[in-house]
Amino acid sequence: ARKYNPQEIEPKWQKYWEEKKMHQANDDDPRPKYYCLDMFPYPSGSGLHVGHWRGYVLSDVWSRYKTLQGYNVLHPMGWDAFGLPAENYAIQNKIHPAKAVKTNIENFKRQLKDIGAMYDWSREINTTDPEYYKWTQWIFVQMFKKGLAYRKEMPINWCPECKTGLANEEVVNGCCERCGAEITKKNLKQWMLKITAYAQRLLDDLKDLDWPEKVKKMQTNWIGRSEGAEITFKVDGHDETITVFTTRPDTLFGATYMVLAPEHPVVEKITTPEQKTSVEKYVDETLKKSNVERMIEDKKKTGVFTGAYAINPINGEKLPIWISDYVLMDYGTGAIMAVPAHDQRDFEFAKEFGLPIKVVIRPDGETFEAEDLKEAYTGPGKMVNSGEFTGLDWEEGKKKVTQYLADRGIGKATVNYKLRDWVFSRQRYWGEPIPIIHCEKCGMVAVPEEELPVRLPDVESYEPTGTGESPLAAIEEWVNTTCPECGGPAKRETDTMPQWAGSSWYFLRYPDPHNTEEPFSKKAMKKWMPVDLYVGGVEHAILHLLYARFFTKFLYDIGVVDFKEPFKRLFNQGMIYKDGAKMSKSKGNVVSPDELIEKYGRDAIRLYELFIGPPEVDVEWSDQGFEGVARFLNRTWNLITEIVEEGKFIEPTKELERARHGLIKDVTERIEEMKLNTAVSAFMSYVNFLSKQRETGVDRASIETLVLLLAPFTPHLSEELWEILGHNESIFTEKWPEYDPEMLVTQEMELPIQVNGKVRDTLVIDVNASKEEILTKAKELSNVQKHIEGKTIVKEIYVPKKIVNIVVKG
Ligand code: ANZ
Ligand code: ZN
């Protein structure tokens, strides 16, 4: 028989698929649709490594599986090519970003094609294509018209190295996410998107999504809803008042001082002449700090007394007003009532400055007083030392105190969100120009829709100016324009959009990528949306998904789409490590698929990417593991081609049928549950089974089912074997097999499982299960796992139908 030669068969079938346009999704196809989407990549300069393949292979298995199940599958791919990484790469390598992006895309595309994934390249999109970003700008204009895009002067995070403003999420521990330089502050007028207007809906609609709980939780925390009250305090001897936000109105009697954020506008007005110098000095120091720095816990508390006092509205007590950097200006009202007995930060502050502490919440049976506290008591209890409210349970107390204040017009129940409006300006070249014109007479005017896109002009120098202005500001013939409203002289906005802009709606463009009249047609939306399965890294769990959800909801509100959530099911693949570290060019631990393809073929890489471990878990690449999978494919090839060559298929026996139906069941269920590594194990035990059956004979269906089930995993190999089996149409025109549960009724046995000779658990399993299957299952038992975790397995013994013993050391 012929030898397995992936170098020959893989290009052959890729060419076949391409010629037959098999991966082009057709809008008029009557089959039910399935939209399977990968998070599209930044075409970076370093290309793809085997870690990147993991998600792409997984989404491709699903796309091919759904195709075989009779769905009309849309599986597109494109490029998120604006933004800092592309621009920094371009600057470093002294190539125009557009040129660098083009080369990188070619390389990425070649590599992605190599995977043998069924991408519909006829729908390829590129966020830097004016035909695409025209619509990104169009969406911005719609937001501007609805008041959701606005400008605001604000101190922004400034990276002195990249010479650009950064969003909070691009700052990691006070440093630039890209280059690691320490962040400073700079006051600039920024474009903002009012995502906060959607905070509650972004929270509420999470509940219906088939997403990992972990991701929903991260989004929930990021939105950070917190219920409480606003309470207004009079400042003694002033007309000024101070409104605070508190989640604990039940502790109002325990307030012993007030704290304002140093940049709070009231500070200037109430500071006494004696305190002025020290207050101003403290304010200056605070302004240099980032919010991240200010929020560090267990940091020694600092602050300055303003000399002024507030009046507690519930008991008339005079409370000294301090400023401190632990109170942030952009959360709540930028002011707090401090309750040191029940808030840890206030407790530390009070200890530092000798301010009074007063217990007002205590559980039944406790008698602690302020002197007894080593830290704030933040738990539940009853109100004490609280006038007429004394004795109320704290939950009840929150409501009653709020009501009391509301009745007197000095307080109200409120909800606060941690979510901030989205800083949507970058002072960089490589982004979508913000389509606004500044006119002295008319103010800010949106570029008329028929004039979109506002094209990025070609420039000589695209490096950041460092003055805070975008390089676009230096191109006079581009900046100077006329006002669309009055026709007078006007200037273009020179800020560009952040790297997140294009990816916030790209999934809506694939269904209708060549539309020149609108971002996408209603018909295309009806046909394809929402995305049925979205596959990508967990690093996008918060921002990208939040922004994409926000854009979708906005487009829903203006009647452009009729769904509120874009991604029905989400799957986050884990990472692949090598030598204990994340693969990266700088660490020199990258496993490149290019060499492996040459030696072992694409199908071997595909299958190993799946076999390497549970798809959502971070795993370590193993060359031995990889070779094992490559050998398995060889063995499978040899077995099948030899049986076909002998040409003596038998009639199916009961045992063969049972095993075949068992394989269909296992593979189908394991794909559905995303346990793709165990789906691969099922193939392995089945091939072992068939090898044994060979002596007595194998039926045709056993072989054909195997080849068909393998098709989503190893599509090239399956196509070739299908042809060898005598079919002359692509295997992907077949139908995914179904199993008959009747066939699977089996006898089970109970196997004691030992670790180092001690019985640790019992495995209930099919009497005919293979040794591999038994060992795999045995090691999954929790009691067995406890005893083998972290140890090295030196031996695995299976005495058929009697016992398993696993010998470990370490
Ligand atoms: C009095 C109080 C008593 C508080 C108590 C807590 C416990 P979350 O859950 O994060 O919303 N706070 C309010 N605005 C703040 C700001 N701008 N900077 C720093 N801290 C601020 O927390 C709300 C609580 O954080 C508020 O409730 C307030 O302290 C503080 F036993 O008010 B609390
Ligand atoms: Zn004008």
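Once a new chain begins, its residue numbering starts again from 1 and follows that chain's sequence as written. Naming scheme: in the order in which they are written, chains are lettered from A and ligands are numbered from 1. Totals for whole chains, interfaces and linings use all residues, but because this is a predicted model, local features are given only for residues with pLDDT of at least 70 and pairs of side-chain atoms are given and counted only at 80 or more.

For the chain, an unreviewed UniProt entry supplies the name Leucine--tRNA ligase and the organism Anoxybacter fermentans. One UniProt comment on the chain, placed under Sequence similarities (unreviewed entry), says "Belongs to the class-I aminoacyl-tRNA synthetase family." Looking at the chain in UniProt, the text filed under Subcellular location (unreviewed entry) is "Cytoplasm". UniProt positions are given in the numbering used here, feature names are shortened, and annotations may be inferred rather than shown by experiment.

**A word on the site of ligand 1**
Lining the immediate environment of ligand 1, one finds 18 residues, of which Ser-226, Thr-246, Arg-248, Gly-332 and His-342 sit closest. Put simply, the parts of the chain that give the shell around ligand 1 at least two residues each are strand 11 (241–246) and strand 15 (335–338). Any residue outside Ala, Val, Leu, Ile, Met, Phe, Trp, Tyr, Cys, Pro, Asp, Glu, Lys and Arg is labelled polar, Gly included; the first ten of those are nonpolar and the last four are charged. A class-by-class count of the residues in the shell around ligand 1 yields 8 nonpolar, 8 polar and 2 charged. Think of it this way: take the backbone, place a C-beta atom on it, and check whether that atom is within 6 Å of the molecule or strand, in which case the residue is near it. In this description a helix means any DSSP run of H or I spanning at least four residues, a strand means any run of E spanning at least two, and both kinds are numbered starting from the N terminus.

**As for the domain arrangement of the chain**
All the domain ranges listed were derived from an automatic or database domain assignment. Assigned domains within the chain: domain 1 (29–124 + 505–582), domain 2 (136–219 + 421–492), domain 3 (225–417), domain 4 (595–744) and domain 5 (748–809). Distance from the C-alpha centre of domain 2 to the C-alpha centre of domain 4: 51 Å.

**Describing the pairing of strand 30 (residues 758–766)**
Bridge count between strand 29 (residues 748–755) and strand 30: 8 bridges; the pairing is antiparallel. Counted as the bridge partner of Leu-751 is Leu-763 from strand 30. What sits between strand 29 and strand 30 in their antiparallel hairpin is a turn of 2 residues, with Asn-756 showing a positive phi close to 50 degrees. When DSSP locates at least two bridges between a pair of strands, those strands are taken to pair.

**Topic: the pairing of strand 15**
The exposure scheme places C-beta atoms from the backbone and then counts, for each residue, the other C-beta atoms within 10 Å of its own, assigning buried at 20 or more, exposed at 12 or fewer, and partly exposed in between. Here strand 15 shows a buried face lined by Ala-335 and Met-337 and a second buried face lined by Ile-336 and Ala-338. Two elements, strand 12 (residues 257–260) and strand 15, share 4 bridges in a ladder whose sense is antiparallel. Its bridge partner being in strand 15, Tyr-257 is matched across the sheet by Ala-338.

**Some words on helix 19 (residues 623–646)**
Here the expected span of a helix is defined as 1.5 Å times the quantity of residues minus one. Taking 1.5 Å of rise per residue, 24 residues should cover 34 Å, and helix 19 covers 34 Å from first to last C-alpha, within 8% of that figure. Those residues of helix 19 that fall on the buried side of the exposure criterion are Phe-626, Val-629, Ala-630, Leu-633, Thr-636, Trp-637, Ile-640 and Ile-643. The contact criterion used here is simple: two residues whose C-beta atoms, placed from the backbone, lie within 7 Å are in contact. Those residues of helix 19 that are buried are in contact with helix 17 (593–600), helix 18 (602–611), helix 21 (676–693), helix 22 (700–710) and helix 23 (715–724). Taken from the residues just after helix 19, Gly-647 is the one with a positive phi, measuring 70 degrees.

**Considering the sheet that holds strand 1 (residues 33–38)**
Overall, parallel pairing links the 4 strands, which are arranged 2-1-24-25 in an open sheet. Lying at the two open borders of the sheet, with one neighbouring strand each, are strand 2 (72–74) and strand 25 (567–573). Adjacent strand axes in the sheet meet at a mean angle of 20 degrees, parallel and antiparallel pairs treated alike. The sheet contact formed by strand 1 and strand 2 spans 3 bridges and is parallel. For Lys-33, the partnering residue across the bridge sits in strand 2 and is Asn-72. In this description, a line fitted to the C-alpha atoms serves as the axis of each element, helices being fitted only across the stretch in contact, and the angle between N-to-C directions of two axes falls anywhere from 0 to 180 degrees. Helix 2 (residues 50–68) rests against strand 1, strand 2, strand 24 (531–537) and strand 25 of the sheet, and its axis sits at about 175 degrees to strand 1.

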